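Here is how the chains run, residue by residue.
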Amino acid sequence: MPLINFTEPLAILTALVLFVLVLFLGRETKKSIFLAIMLGIFLLIITGHTVEFSISNEIELQNIYARCITIDFIFIFLSFISYLWIDDIEAKSGKKKSIDDSLNWFWSKV
């Protein structure tokens, strides 16, 4: 079984609540480092799920890991977008120009 099983609703709810709290903390303090740490944590989780997926031999476990990896990608996407948003807020509050204006870059590609 996965260490963090994102196929259980309680685990998803816990991760979502933790993500929202970190997002709120980042927005209130205007520090994007909190979201960068959250993004790094989700990248570590997806790495762990991928390793577990490659090691497992049972089809049923591979299905669970595949669903966990899918949810990991969703959380990584949300963390990345949130990081860009908070980074933009941080740059505007410090009256400094963002290094690469990532948020406008992202929306122009979408």
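Below: a short report on this structure.

About the criteria used
- Residues numbered from 1 in each chain as written.
- Predicted model: local features only at pLDDT ≥ 70, side-chain atom pairs only at ≥ 80, totals over all residues.
- Heavy atoms only, no water.
- Helix = DSSP H or I, 4+ residues; strand = E, 2+ residues; numbered from the N terminus.
- Buried < 20%, exposed > 50% of the residue type's maximum accessible area, 1.4 Å probe, protein only.
- Contact = heavy atoms within 4.5 Å.
- Areas by Shrake-Rupley, 256 points an atom, 1.4 Å probe, with all protein chains shown as cover.
- Core = buried A, V, L, I, M, F, W, Y, C linked by side-chain atoms within 4.5 Å.

1. Description of the overall build of the protein
Alright, step 1. When you go through the protein residue by residue, the secondary structure sums to four helices and zero strands.
Alright, step 2. Beginning at the N terminus, the succession of helices and strands in the protein can be written as α-α-α-α.
Alright, step 3. Taking all 110 residues of the protein together, 35% fall into the buried category.
Alright, step 4. A separation of at least 24 residues holds for 66% of the contacts in the protein among residues at least 6 apart in sequence.
Alright, step 5. With the model as given, the accessible surface of the protein reaches about 7300 Å², and the carbon-plus-sulfur share is 69%.

2. Observations regarding the nonpolar core
Alright, step 1. In terms of nonpolar packing, the biggest core is built from 18 residues, with F6, F19, L35, M38, F42, F75 and I76 touching the most fellow members.
Alright, step 2. Contributions of two or more residues to this core are made by α1 (9-29), α2 (33-55) and α3 (59-93).
Alright, step 3. Considering each element in turn, this core owes the most residues, seven residues, to α3.
Alright, step 4. Residue contacts for L35: discarding those within four places in its chain leaves F19, V22, L23, G26, S82, Y83 and I86.

These figures capture arrangement, not role.
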